[in-house]
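These are the residues of each chain, in order.
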Amino acid sequence: PDQTTQKTSSDSSDKNIEFSKASTLALFDYLRKVKAKGFVLSLSGGADSGLCAILVTQMIKYGVEELGLKEFCKKTGVSFDSISAKDAIKVLTKHFLFTVYQATKNSGDITFNAAKELAGEIGAKFSDWQIDDEVSTLSTKVEKALDRKLNWETDDIALQNIQARLRAPGVWMLANLTGKLLLTTSNRSEASAGYATMDGDTAGSLSPIAGVDKQFVRDYLVWAQKTLGYKSLSAINSQNSTAELRPKNKNQTDEDDLMPYPIFNEIEKLAIGQWKSPIET
């Protein structure tokens, strides 16, 4: 086709729509094929888990729009008779999505409120709990085995990872008990840099954002707030992304731990996408 008249795929809105349709179709397809009853999500109040939540409710919206409410319910095994068309999306989101905010002493009110507001807007089931006891218990056992105290000066990575890792057992248990799939929240940028925790944010049955970079995640959520009308995303979009794994006085952010996302994406494109050497990159 004539390239001067062909619609460009580089347009950010086109990319966002394409990603929305592809990812939600994958969620819907996998949900039906394994006969699961929905999804469990560790909702941190940050961008990655926020995007995963949006994709689930968008899956429901697209499904109802394209199939009709009755057929969508039939294909996903939901009782149609108890659902009215007026509040169908929120009712179905509550049925399909169980979210949990898992706090430690390093978590803040900003992320908690962001998670709670997003879950409330889309209608997802929301719960929250503390995991400090679990972190303390396991750290004490390891200290006894090593015969020394752990501290942030010498044990930074391990003390961060144990918090992320101990968020997995509870949500896995919820997934097992409810017949739902646990969603993995790690994105491509984190995976390529190793900025993720094995058996932590990499735990799950399905990874809806594993193929996209962190800058895309942030840009998509801004688009979703403005274009799709998710007002609660403003609480996420106004934050600097942070794992909230170091003490609060450290003011941890993802970009400080890694580097600015535009630079990171360029390095990833050259080194991985184009097979450039470190010096060429």
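Structure first, text after, so check above.
Below you will find a few notes about this structure.

Each helix and strand counted, the protein has 13 helices and four strands in total. Each principal axis of the C-alpha atoms in the protein carries an extent, and together these give about 60 × 50 × 30 Å. Carbon and sulfur atoms make up 54% of the accessible area of the protein, which totals about 15,100 Å². Looking at charge distribution, the protein has the averaged site of its 34 positive side-chain charges lying 7 Å from that of its 36 negative ones.

Here we come to the pairing of strand E2 (residues 97–103). On any regular strand, side chains alternate: one points to one face of the sheet, the next to the other face. Here E2 lies mainly inside the structure; seven of its seven residues are buried. Residue alternation in E2 divides its side chains into two sets, Leu97, Thr99, Tyr101 and Ala103 and Phe98, Val100 and Gln102, and both sets are buried. Bridge count between strand E1 (residues 39–42) and E2: four bridges; the pairing is parallel. Across the sheet, the residue bridging to Val40 is Phe98, located in E2. Sheet topology places E2 next to strand E3 (residues 125–130); six bridges connect them, and they run parallel. Opposite Phe98, over in E3, you have Lys125 as the bridge partner. Considered for its hand, the β-α-β crossover made up of E2, helix H5 (residues 109–122) and E3 is right-handed.

Here we take up the nonpolar core. Phe39, Leu92 and Tyr220 are the most contacted members of the largest nonpolar core, which totals 50 residues. The greatest single-element share of this core, amounting to ten residues, is contributed by helix H2 (residues 47–67). In this structure Tyr220 touches Asn16, Phe19, Ser20, Leu51, Ile54, Leu55 and Leu228, once residues within four positions along its chain are discounted. In terms of nonpolar packing, the next biggest core, distinct from the first, is built from seven residues, Val40, Phe98, Leu174 and Ala175 among them.

There is a patch of nonpolar side chains on the surface, built from Leu138, Val142 and Leu146 and spanning about 220 Å² of accessible area. With respect to the element layout, Val142 can be found in helix H6 (residues 132–146).

Further remarks concern H6. Between the first and last C-alpha of H6 there are 21 Å, a value that for 15 residues agrees with the 21 Å anticipated at 1.5 Å per step. Residues of H6 that are buried: Val135, Ser139 and Glu143. Along H6, the residues classed as buried sweep out an arc of 65° about the axis, all on the same side. The outward face of H6, more than 90 degrees from its buried face, is lined by the exposed residues Asp133, Lys141, Lys144 and Ala145. Along its buried surface, H6 packs onto helix H7 (156–165). The positive-phi residue at the C-terminal boundary of H6 is Asp147, with phi of around 60°.

So, about the sheet that holds strand E4 (residues 181–182). The strand order E3-E2-E1-E4 describes an open sheet built from four strands, whose pairing is parallel. Since the sheet does not close on itself, it has two edges, and those belong to E3 and E4, each with one partner. Direction of pairing for E1 relative to E4: parallel, over a ladder of two bridges. Counterpart to Phe39 in the pairing with E4 is Leu181. Packing against the sheet, helix H4 (residues 88–96) makes contact with E1, E2 and E3, and its axis sits at approximately 60° to E2.

Rules used throughout
- Residues numbered from 1 in each chain as written.
- Predicted model: local features only at pLDDT ≥ 70, side-chain atom pairs only at ≥ 80, totals over all residues.
- Heavy atoms only, no water.
- Helix = DSSP H or I, 4+ residues; strand = E, 2+ residues; numbered from the N terminus.
- Areas by Shrake-Rupley, 256 points an atom, 1.4 Å probe, with all protein chains shown as cover.
- Lys, Arg positive; Asp, Glu negative; His and termini not counted.
- Charge placed at Lys NZ, Arg CZ, Asp CG, Glu CD.
- Buried < 20%, exposed > 50% of the residue type's maximum accessible area, 1.4 Å probe, protein only.
- Pairing = 2+ DSSP bridges.
- Right-handed = clockwise from strand over helix to strand, strands pointing away.
- Core = buried A, V, L, I, M, F, W, Y, C linked by side-chain atoms within 4.5 Å.
- Contact = heavy atoms within 4.5 Å.
- Patch = residues over 30% accessible without salt bridge, like charges linked within 9 Å, V, L, I, M, F, W, Y side chains within 5 Å.
- Salt bridge = Lys/Arg side-chain N within 4 Å of Asp/Glu carboxyl O.
- Expected span 1.5 Å × (residues − 1).
- Arc of directions from axis to C-beta.
- Axes fitted to C-alpha atoms, helices over the stretch in contact; angles between N-to-C directions.

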